[in-house]
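Residue-level listing of the chains:
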Amino acid sequence: MSFRIEEKIALTPSDMRTLQARLISAGMTRLHRPRRIRSVYFETAERALFLASEEGVLPRMKIRLRTYPETDERWALERKTSSIEGRFKSTRRLSEMKAGRYMKRGVMEPSVGFLTPLLTVEYRREYFRYRGERITFDDSLRYAPFESEKWVDDPWRVVEIKAQFGTSTDHLLGSGLNSAST
């Protein structure tokens, strides 16, 4: 199992543009072109996964279906586990039929029980590498209850550092991430 660190920072649109420009001028490079992401998050009737996250319980998990609407890429079932050791994500590609079945019937997860789709999240993501770590920039975030067209636009932007477990992100934070968010 390969655990990793995931550190998220919420920024205003202008702070994100400033940070991105600063890091590009310092050597950050684009990994591939931006893409749109759509995720359907699953939850128990009691909202156990959300409550565990809010309370900081470890270990905890997130289960979602993810696709990239502007590509031919199929849906994937992702399980994200957060533990003392770090975060781990497993991904399993699904046929359109299997993904549709999960969205219609739900998913059984032995550790927490029966899960049904609750929320759809969409955003645009840009992928970069800086000082050996992956950094993503998310904008145009929006949320809707599953199977609803009542989208809520989020004014914030999100920068996320993804690094191997045991890696200090201080060298990234010291290079401008924290100064853009203050």
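Refer to the structure presented above.
Residues numbered from 1 in each chain as written. Predicted model: local features only at pLDDT ≥ 70, side-chain atom pairs only at ≥ 80, totals over all residues. Heavy atoms only, no water.

Visitor: How should I be thinking about the overall build of the chain in this particular structure?
Guide: When helices and strands are tallied, the chain shows 4 helices and 10 strands. Order of helices (α) and strands (β) in the chain, N terminus to C terminus: β-α-β-α-β-β-β-α-β-β-β-β-β-α. Here the chain holds 182 residues, and 44% of them are scored as buried. (Helix = DSSP H or I, 4+ residues; strand = E, 2+ residues; numbered from the N terminus. Buried < 20%, exposed > 50% of the residue type's maximum accessible area, 1.4 Å probe, protein only.)

Visitor: Explanation requested: the nonpolar core in the structure shown.
Guide: The nonpolar side chains of a soluble globular protein tend to be buried, and buried together. Core analysis: the largest hydrophobic core is formed by 15 residues, its most contacted members being Val-40, Phe-42, Leu-65, Tyr-102 and Met-103. Of all elements in the fold, only β2 (29–43), β3 (60–67) and α3 (96–105) reach the threshold of two or more residues within this core. The contacts of Met-103, once residues within four sequence positions are left out, are Val-40, Phe-42, Leu-65, Trp-75, Pro-117 and Phe-146. Ile-9, Met-16, Met-28 and Ile-161 belong to the second largest nonpolar core, which has 12 residues in total. (Core = buried A, V, L, I, M, F, W, Y, C linked by side-chain atoms within 4.5 Å. Contact = heavy atoms within 4.5 Å.)

Visitor: Hey, could you run me through the side chain of Glu-78 in this one?
Guide: Among the structural elements, Glu-78 can be located in strand β4 (residues 76–83). Separated by 2.7 Å, the side chains of Glu-78 and Arg-64 make a polar contact. Among all residues touching Glu-78, those that are not within four sequence positions of it are Lys-62, Ile-63, Arg-64, Arg-66, Lys-89, Ser-90 and Thr-91. (Polar contact = N/O pair within 3.5 Å; in protein donor to acceptor, adjacent residues only side chain to side chain.)

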